[in-house]
Amino acid sequence: MCARTLVFALAAAALVFASACGSRPEATDPDAAVSVVATTTQVGALVRAVGGRRAVLHQILQPNSDPHEYEPRPSDARAFDAADLVFRSGGEIDAWASDLTRGDASSRTVTLSESVRLRGNDPHWWQDPRNAVLAVAAIRGALVRADPSGRATYDRNARSYTVALKRLDRSVAACVDQLPSAQRKLVTSHDALGYFVARYRLKLVGTVVPSLSTRAQPSSKDINRLVAQIRAEGVRAIFPESSLSPKLERAVARETGASVGGALRADALGPAGSSGATYIGSIEANTRAIVRGLSGGAIDCPLRRPAPG
């Protein structure tokens, strides 16, 4: 029995790719035809939306995990080697995946950052739903090439999800547009919201960790500079991130008189049942938290979820 045939036999029994840090392959139906690995929670959500139950998905990172800090395990390497396709986010976010790509795995790896519109070396491209639309197209194309008989399924799923993503983009823009320009000043944990800020015409005043990665550590000079900026700009709220400790954000808020806004889903989605458990849900939850925090609670625009995913 060849390696990939063995993978599908094991997948049916839900025994493949088990890992303490990764998720088990998702339940499949008899039509499951392709084995897929996704590195991050956001990539997993997009692949899941397009692949549906036809794809056996193994997601390396779990909800609320910090991809910057992740260290691959041997089970991750085995998952990469056995998969028909590997979907990466790209850039510093999952640079650790390069160590897992062996043999012909590189030819089966799809790096989604190569199909979206990047802002310099910022790897957080999914914070702009228009990039999610581009990523969905790349995912659909890769799945069709790997599993041509599933084209109708992948085309249908991609079309439906693209409609939902475009509706999400419009609703987020309409929500943020209610904020007066003087209130559109954002301070977050680290520099992960640049795409969101650029798309919806906000101003990023600063970040507690002055880096695109959570691995960096702010100095006392960095914190003092940020405190001065917050005071000078009249920033109303500081937003921690759900996967990081909010201690520094709370300290800066006390020093400046700003409030602490709702925790944002920056680098990882939330657990099942939470408002940020899906890609669409995470963008919606971030939008509500930002608008409520920057308006002092005066503006709240619950966003109608256009579709699961």
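Residues numbered from 1 in each chain as written. Predicted model: local features only at pLDDT ≥ 70, side-chain atom pairs only at ≥ 80, totals over all residues. Heavy atoms only, no water.

**Quick word on the confidence of the model for the chain**
Part 1: Chain-level pLDDT for the chain is 86 on average; 84% of the residues reach the 70-or-more range.
Part 2: Note that pLDDT drops below 50 for residues 1–28; the model gives that stretch 54 contacts with residues more than four away or on any other chain. (pLDDT = per-residue confidence, 0-100. Contact = heavy atoms within 4.5 Å.)

**Focus: the environment of Arg-250**
Part 1: Here Arg-250 lies in helix α8 (residues 247–256).
Part 2: Classification of Arg-250 by relative accessible area gives partly exposed; the value is 46%.
Part 3: Separated by 10 residues in sequence, Arg-250 and Val-260 have C-alpha atoms that sit 6.5 Å apart. (Helix = DSSP H or I, 4+ residues; strand = E, 2+ residues; numbered from the N terminus. Buried < 20%, exposed > 50% of the residue type's maximum accessible area, 1.4 Å probe, protein only.)

**A word on the sheet that holds strand β8 (residues 259–260)**
Part 1: Across the sheet, four strands lie side by side as β6-β5-β7-β8; this open sheet has parallel pairing. Where the open sheet ends on each side, the last strands, each with one partner, are β6 (203–209) and β8.
Part 2: Across the sheet, α8 lies against β5 (185–190), β6, β7 (237–239) and β8, angled at about 170° from β7, the strand it touches most.
Part 3: Against the sheet, helix α9 (residues 279–294) touches β5 and β7, its axis set at about 155° to β7. (Pairing = 2+ DSSP bridges. Axes fitted to C-alpha atoms, helices over the stretch in contact; angles between N-to-C directions.)

**Thoughts on the pairing of β5**
Part 1: A large share of β5 lies buried, amounting to six of its six residues.
Part 2: For β5 and β6, the ladder comprises five bridges, and the chain directions are parallel. Bridged to Val-187 within β6 is Gly-206.
Part 3: Here β5 runs beside β7; their pairing, made up of two bridges, is parallel. Each residue of the ladder has a partner; that of Val-187, found in β7, is Ile-238.

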